[in-house]
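Structure assessment
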Amino acid sequence: MDDLSANRRVGWVLGLPPTAWLLVFFLVPLGLIWVLSFGEKRGIVDIAITWTFDNYQRALDPLYLQIFAKSFWFAGITTAVCLLVAFPIALAITFATPRWKPILLLLTILPFWTNLLIRTYALIAVLRTRGYVNFTLEWLWEKADALLVLVGLGHLQLLGERFEPVELLYNNFAVVFGLVYVHLPFMVLPLYAALDRLDRSYIEASLDLGASQFRTFASVVVPLALPGIVSGVIITFIPALGSFLTPDLLGGTDSQMIANVIERQFKSANDWPFGAALSFLLMYITFFALALRAMASRGRSAMEAA
Amino acid sequence: MIRLWPRREPPGPLDYGRRAWLRLTLLATFVFLYAPIVTLVAFSFNDSRRNIVWRGFTWKYYERALENDGLITAFANSLTIALVSTLVSTVLGAMVAVLLWRFRFRLKTVYEGAMSLPIVIPEICMGVAMLAFFARVQWPSGLAWPLNLGAITIAHVSFSFPFVAVVVRARLASFNRDLEEAARDLGASEWQVFRDILIPHMRPGLVAGALLAFTLSLDDFVITFFTSGPDTVTFPVKVYSMVRFSVTPEVNAASTVLIVITIALTTVALMLQSRGEAKGG
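First, a word on what this report is: a plain description of the structure on this page. Note that the structure is predicted; figures quoted are calculated from it, not measured. (Residues numbered from 1 in each chain as written. Chains lettered and ligands numbered in written order. Predicted model: local features only at pLDDT ≥ 70, side-chain atom pairs only at ≥ 80, totals over all residues. Heavy atoms only, no water.)

1. Describing the overall build of chain A
When helices and strands are counted, chain A shows 12 helices and 3 strands. Computed over C-alpha atoms, the radius of gyration of chain A comes to 26 Å, more than 25% over the 19 Å expected from 2.2 N^0.38 for 306 residues, which places it beyond the range of a compact globule. Along the first, second and third principal axes, the C-alpha set of chain A runs to 90 × 65 × 35 Å. A burial count over chain A gives 48% of its 306 residues as buried. In chain A, of all internal contacts separated by at least 6 residues, the share reaching a separation of at least 24 is 67%. For chain A, the exposed area adds up to about 15,200 Å²; of that, 68% sits on carbon and sulfur atoms. Here chain A carries 21 positive and 21 negative side-chain charges, and the mean point of each set is 6 Å from the other. (Helix = DSSP H or I, 4+ residues; strand = E, 2+ residues; numbered from the N terminus. Rg over C-alpha atoms; globule rule 2.2 N^0.38 Å. Buried < 20%, exposed > 50% of the residue type's maximum accessible area, 1.4 Å probe, protein only. Contact = heavy atoms within 4.5 Å. Areas by Shrake-Rupley, 256 points an atom, 1.4 Å probe, with all protein chains shown as cover. Lys, Arg positive; Asp, Glu negative; His and termini not counted. Charge placed at Lys NZ, Arg CZ, Asp CG, Glu CD.)

Written out as structure tokens, the structure is:
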């Protein structure tokens with residue numbers, strides 16, 4: 001690697017355009033939001049920057065605290081479900097035959113390439129009252145009802161008079177379901193990376209010494225894969241926390257997350273300073289989570305060095 | 001004794017892939033991941049508005065999507081934005097990659113951190129930042145096509161080029177600097193080395209990065225949602241407004257087209273990348 005001071009001309013030519021772009025079209029807009037978050041709304045479009053902390057204080061209002069709590073709760077459940085589902089998947093991929101491994105990996109990544117909006121829309125078609133899930137349930141209901149009639153219990157109407165579609169959409173369940181659907185690959189890949197690196201002789205040794213599969217899993221596999229687990233948890237949690245589209249399209253009025261509140265401040269509610277403050281709070285949380293991840297991976301390299 | 005069938009061994013202790021419960025979990029998960037998308041694609045060919053029962057194959061909804069002027073305009077907008085933003089972000093991303101790969105300088109970690117910000121910050125934050133920025137600088141609106149797409153294109157470049165930089169930098173890691181030395185010893189100028197030695201080596205990374213930038217731009221909804229105006233609707237934004245109203249076969253058809261394009265592009269990118277890895281080293 002060369003020292004930049006030895007070759008300033010090349011450094012300028014290479015560095016100036018992208019640095020200027022990042023500065024003007026990314027850091028300045030972000031800085032603008034930061035400044036706005038200390039502003040006061042004076043009119044429909046007038047915002048006075050008074051360096052007040054009111055917007056941040058307003059975010060501590062129980063109404064908004066509750067939305068933050070709800071977002072954390074949704075993202076937390078999503079992460080937990082993803083971890084539970086992704087661990088066996090990652091394990092199966094790690095120990096698959098060489099022929100199957102790339103196929104399984106590809107199958108895991110492929111949904112990533114499909115547009116998020118379209119995947120969410122696909123879920124609407126599955127979950128709505130006239131969707132495939134309810135359609136299947138209705139079919140099962142009819143069969144079960146016919147069976148009851150056949151055995152002479154039809155007049156009791158044990159299953160109710162008519163089939164009642166289950167409300168699967170526009171509620172908290174739909175949001176968490178959608179978040180898991182979208183974020184599952186985020187969890188599988190880091191887990192797979194960690195499990196694939198794992199030295200199998202540890203597992204063999206544990207099994208040879210008489211530990212059960214479960215004990216081996218709990219006291220050998222999980223501790224060794226811990227950095228991957230931490231990484232997967234954070235990589236899943238961060239985007240889930242900031243989700244906009246999933247709660248917007250699948251959620252009901254009481255399943256809004258932080259991003260939806262931010263959007264409303266910038267669009268219909270037209271309170272940019274408050275929206276800006278919420279954005280920065282969300283960003284600080286993101287940075288905090290990323291710092292945790294960096295610390296975890298530093299801990300791992302320190303452990304390996306020791 | 002000759003066996004007609006090789007006896008199936010019970011799974012060994014490490015044969016997790018052959019355990020029934022793991023196979024079932026795998027199967028169930030992939031059904032969960034794919035069933036919604038597959039049904040969406042299948043029902044775009046279904047000859048029934050109700051979208052539930054199969055009534056026979058038809059291209060009807062594709063034809064109707066083609067006749068939908070708003071959809072076609074949005075699609076043309078998306079392609080134009082994606083093309084321009086890909087060109088700009090590939091060049092900018094390659095510059096960052098070479099800069100970070102070749103030089104050490106003070107505060108490099110800070111610089112790298114700033115460069116990865118567009119990748120890590122929540123999309124919604126970047127969206128509102130772009131909205132506020134273009135409102136503040138009073139970006140001209142109502143320009144003639146395609147100049148009216150400027151704001152969206154700029155936003156797309158901002159979130160794409162750091163991704164390109166990551167891809168190209170990974171490719172540069174396999175570059176043998178002796179080649180550069182040799183060229184220099186033989187009298188090549190800085191520019192000649194760059195053009196004749198470095199760029200050919202970077203090519204697979206450049207193509208992969210460009211395709212990534214293209215798909216990112218084509219797929220983006222959240223950031224575009226905040227930078228687009230009534231006259232500058234992109235394909236995902238249009239699909240969003242259609243989805244909000246109802247689930248219709250036309251939306252299925254339009255979505256299928258987008259899925260096919262992205263998957264085709266990404267496959268090409270992956271193939272190029274693996275071929276590049278096999279060739280270079």
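That covers the picture; the talk isn't over yet.
2. What about the overall build of chain B?
For chain B, the helix and strand inventory stands at 11 helices and 1 strand. Listing the helices and strands of chain B from first to last along the sequence gives α-α-α-β-α-α-α-α-α-α-α-α. In chain B, which comprises 281 residues, the proportion classed as buried is 51%. Taking the intrachain contacts of chain B between residues at least 6 apart in sequence as the baseline, contacts between residues at least 24 apart amount to 72%. Of the roughly 14,000 Å² that chain B leaves accessible, carbon and sulfur atoms contribute 66%.

3. Observations concerning the packing of aromatic side chains
Inspection of every chain in the model, using the stated rule, returns 33 aromatic pairs over all chains. Pairing B:F45 with B:W59 gives two aromatic rings, centres 5.3 Å apart and planes at 85°, and the pair type is edge-to-face. Pair noted here: B:F45 is in the loop between α1 (20–43) and α2 (60–67) and B:W59 is in the loop between α1 and α2, with a separation of 14 residues, a long-range link. When the ring centre of B:F226 is taken as reference, the NZ or CZ atom of A:K267 above it lies at 5.1 Å. Cation over ring: B:R177 sits above B:W101, and NZ or CZ is 5.2 Å from the ring centre. (Phe/Tyr/Trp six-rings, centres within 6.5 Å; stacked < 30°, edge-to-face > 60°. Lys NZ or Arg CZ within 6 Å of the ring centre and 35° of its normal.)

4. Some details on the interface of chain A and chain B
At the interface, 80 residues of chain A touch 84 residues of chain B. Between chain A and chain B, a total of about 7,600 Å² is buried, with carbon and sulfur atoms accounting for 78% of that surface. For the pair chain A and chain B, the interface holds 4 salt bridges. Of the charged contacts, one joins A:D3 and B:R104 as a salt bridge, the two residues approaching to 3.2 Å between their closest N and O atoms. Summed over the shared surface of chain A and chain B, the number is 15 residue pairs in polar contact (both at pLDDT 80 or more). In terms of residue count, helix α1 (residues 8–36) of chain A provides more of the side of chain A that touches chain B than any other element does, 20 residues in total. Considering only residue class, the side of chain A that touches chain B consists of 58 nonpolar, 12 polar and 10 charged. Examined bridge by bridge, strand β1 (residues 2–3) of chain A and strand β1 (residues 103–104) of chain B share 2 bridges and lie parallel to one another. Across the sheet, the residue bridging to A:D2 is B:F103, located in β1(B). (Buried area = accessible area lost by both parts, 1.4 Å probe. Salt bridge = Lys/Arg side-chain N within 4 Å of Asp/Glu carboxyl O. Polar contact = N/O pair within 3.5 Å; in protein donor to acceptor, adjacent residues only side chain to side chain. Nonpolar A, V, L, I, M, F, W, Y, C, P; charged D, E, K, R; others polar. Pairing = 2+ DSSP bridges.)

5. Focus on the side chain of A:D248
Relative to the elements of secondary structure, A:D248 occurs in helix α10 (residues 245–250). Residue A:D248 is classed as buried on the basis of its relative accessible area, which comes to 13%. Apart from residues no more than four positions distant in its own chain, A:D248 is found in contact with A:N260, B:Y240 and B:R244.

6. What to know about the nonpolar core
Ranked by internal contacts, the top residues of the largest apolar core, which has 160 residues, are A:F266 and B:F221. Top element by residues in this core is helix α7 (residues 172–197) of chain A. It accounts for 14 residues. In this structure B:F221 touches A:L117, A:F244, A:L245, B:P236, B:V237 and B:Y240, once residues within four positions along its chain are discounted. (Core = buried A, V, L, I, M, F, W, Y, C linked by side-chain atoms within 4.5 Å.)

7. Examining the pattern of salt bridges
For the coordinates displayed, the defined rule picks out 15 salt bridges over all chains. Here B:E190 makes a salt bridge to B:R102, at a shortest N to O gap of 2.7 Å. Of the two residues, B:E190 is situated in helix α8 (residues 190–219) and B:R102 in helix α3 (residues 69–102); the sequence distance between them amounts to 88 residues. According to the relative accessible area criterion, B:E190 is partly exposed, its value standing at 21%. For B:R102, a relative accessible area of 6% puts it in the buried group. For B:R195, the salt bridge goes to B:D196, with nearest N and O atoms at 3.1 Å. Residues joined by salt bridges that share partners form a network here, namely A:D2, B:R102, B:R177, B:E180, B:R184 and B:E190.

8. Examining the environment of B:R177
Looking at the secondary structure, you find B:R177 in helix α7 (residues 177–185). Considered as a pair, B:R177 and B:S160 are 17 residues apart in the sequence and their alpha carbons are 28 Å apart. Discounting chain neighbours no more than four positions away, the residues touching B:R177 are A:M1, A:D2, B:W101 and B:R102. Reaching out from B:R177, the side chain makes a polar contact with the side chain of A:D2 at a distance of 3.4 Å.

9. Points about α2(B)
All names here are of chain B. Along α2, the residues classified as buried are Y61, Y62 and A65. An end-on view of α2 places all buried positions within 105° of arc, on one side of the element. In α2, the exposed positions angled more than 90 degrees off the buried face are occupied by L66 and E67. (Arc of directions from axis to C-beta.)

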